[in-house]
Amino acid sequence: MCKVPSPTAEPIGLDCSARIAGMAATQTSKRSIGQQLLAARQRLAGRSENPSLDSEVLLAQVLGKERGWLLAHPEAEVDVAQAGAFEAGLARLEAGEPLPYILGEWEFFGLKLKVSPEVLIPRPETELLVETALAWLAAHLGRRLAADVGTGSGCIPVALATHAPNLDVVAGDLSPGALAVAKANVERYHLQARVQLVESDLLEKLTGPFDVISANLPYIPEARLPELAVSKWEPQLALGGGEDGLRFIEPFLQQAQTKTTPKALILAEIDASLEGAVVQLARGLWPDAQVAVRSDLAGLPRLLRVEL
């Protein structure tokens, strides 16, 4: 008997049994792409921040087509099996499950990366960290070694290694589940020779010395977690930063003191409320360094930058 996929189910596909397909068939099997998308937008209205985009991306994966192709062929029919898979995905979206977990992958810095409920969903804000690191590397040519702490899906080391051919990266995470996802992404882009994955608590098992150290650690103050939708679906281990948001950032910065080359760059994504605290911490640890916080596209303080 076919079961409706649960919130932690595998990514959608076309192998759902005839029962689920049949449930949708009477209403959807003869619908065109345009009709399917119209009905989906109506269902997701009020439940999604972008019903049109979510519907289009979901149906594109079900059909094995690019989103642009769907928009150019609204008259094409969706068959019974495809309608069933689309229906199953819509049901999960209606329940609030994030689209990336349903798809099983998400785009980050132009790369399609595997994701699962074991890892945070890569976000555009984190691309600021990658851009900053790549700019520094371009200004400091030569073979370089980087460390990424709390690597999660591996989005940061995969993006850095893809765009900086002279860079090797050691990426650490405390979660074996997250490291399994990161391993899949490293292999997807054939970076096994330059990206090493290590199970490590912060920088403890990352030896260095490193030219670049990056981190996207849990930084949300615990009191705010219950009010955030992200806390329902994404791993708690990757979210809560303790009472003040600094539970992991402070020891990370302290450990980084002994892990860098003389001329190095340290980057850490932060919560906007932590700007003053992290600047004070960094200046206390590196009095002679250039310490600044960069803002994201929304104008919020997002990235601690320490250049030695």
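Residues numbered from 1 in each chain as written. Predicted model: local features only at pLDDT ≥ 70, side-chain atom pairs only at ≥ 80, totals over all residues. Heavy atoms only, no water.

Visitor: For this particular structure, what's the right way to read the environment of Arg47?
Guide: Relative to the elements of secondary structure, Arg47 occurs in the loop between α2 (33–44) and α3 (51–63). The class for Arg47 is exposed, based on a relative accessible area of 54%. (Helix = DSSP H or I, 4+ residues; strand = E, 2+ residues; numbered from the N terminus. Buried < 20%, exposed > 50% of the residue type's maximum accessible area, 1.4 Å probe, protein only.)

Visitor: Looking at this structure, how should I read the packing of α2 against α3?
Guide: Angle between the axes and distance between the axes are the two parameters that describe a pair of packed helices. Where α2 contacts α3, the two axes come as close as 9 Å, and the packing angle between them is 135°. Considering the angle they form, α2 stands oblique to α3. Crossing geometry of α2 relative to α3 is assigned as right-handed. Of the residues in α3, those in contact with Ile33, Gln36, Leu37, Ala40, Arg41 and Leu44 of α2 are Pro51, Ser52, Asp54, Ser55, Glu56, Leu59 and Leu63. Partitioned by chemical class, the residues of the contact of α2 with α3 number seven nonpolar, three polar and three charged. (Axes fitted to C-alpha atoms, helices over the stretch in contact; angles between N-to-C directions. Parallel < 35°, antiparallel > 145°, perpendicular 65-115°, else oblique. Left-handed = near helix turned anticlockwise from the far one by under 90°. Contact = heavy atoms within 4.5 Å. Nonpolar A, V, L, I, M, F, W, Y, C, P; charged D, E, K, R; others polar.)

Visitor: What is the right way to look at the pairing of strand β4 (residues 167–173) in this model?
Guide: Where a strand is regular, its side chains alternate between the two sheet faces. Of all seven residues in β4, six are buried; the element is thus mostly enclosed. Pairing between strand β3 (residues 144–149) and β4: six bridges, direction parallel. Bridge pairing links Val149 to Gly172 in β4. Pairing between β4 and strand β5 (residues 195–199): five bridges, direction parallel. Bridge assignment links Gly172 to a residue of β5, and that residue is Val198. (Pairing = 2+ DSSP bridges.)

Visitor: Can you walk me through helix α5 (residues 80–94) in this structure?
Guide: For α5, with 15 residues, the first-to-last C-alpha span of 21 Å sits near the 21 Å given by 1.5 Å per residue. Considered for burial, the residues of α5 that qualify are Gln82, Ala83, Gly84, Ala85, Phe86, Ala88, Gly89, Leu90, Arg92 and Leu93. The opening residue of α5, the one whose side-chain oxygen lies 3.2 Å from the backbone nitrogen of Ala81, is Asp79. (Expected span 1.5 Å × (residues − 1). Polar contact = N/O pair within 3.5 Å; in protein donor to acceptor, adjacent residues only side chain to side chain.)

Visitor: Honestly, the confidence of the model for the protein in this entry has me stumped. Any pointers?
Guide: Detailed reading of the predicted coordinates is not advisable wherever pLDDT is low. Summarising the model, the protein shows a mean pLDDT of 90, and 91% of its residues fall at 70 or more. Confidence over residues 1–9 falls short of pLDDT 50; this stretch has 14 contacts with residues more than four positions distant or in other chains. Note that residues 14–29 has pLDDT below 50 and, in this model, 26 contacts with residues that lie over four places away or in other chains. (pLDDT = per-residue confidence, 0-100.)

Visitor: Any chance you could explain the packing of aromatic side chains here in plain terms?
Guide: We describe a pair of aromatic rings using the distance from one ring centre to the other and the angle between the two ring planes. All chains considered together, the criterion is met by one aromatic pair. Centre to centre, the rings of Phe108 and Phe109 are 6.4 Å apart; their planes meet at 40°, and the pair counts as tilted. The buried category is assigned to Phe108, whose relative accessible area is 0%. Sitting above the plane of the Trp69 ring, Lys65 keeps its charged end 4.6 Å from the centroid. (Phe/Tyr/Trp six-rings, centres within 6.5 Å; stacked < 30°, edge-to-face > 60°. Lys NZ or Arg CZ within 6 Å of the ring centre and 35° of its normal.)

Visitor: In this structure, what is going on with the nonpolar core? I would like to understand it.
Guide: Proteins that are soluble and globular tend to have nonpolar side chains buried together. Of all hydrophobic cores here, the largest spans 36 residues; its most connected members are Val149, Phe252, Leu253, Trp286 and Leu304. Among the elements of the structure, β3, β6 (210–215), α11 (249–256), β7 (260–269), α12 (275–285), β8 (290–295) and β9 (301–307) are those that each provide at least two residues to this core. With five residues, α12 is the largest single contributor of residues to this core. Beyond its immediate stretch of four places on either side in the chain, Leu253 contacts Ile266, Leu281, Leu285, Trp286 and Leu304. Phe109, Leu134, Ile156 and Val158 belong to the second-largest nonpolar core, a separate cluster that totals 28 residues. (Core = buried A, V, L, I, M, F, W, Y, C linked by side-chain atoms within 4.5 Å.)

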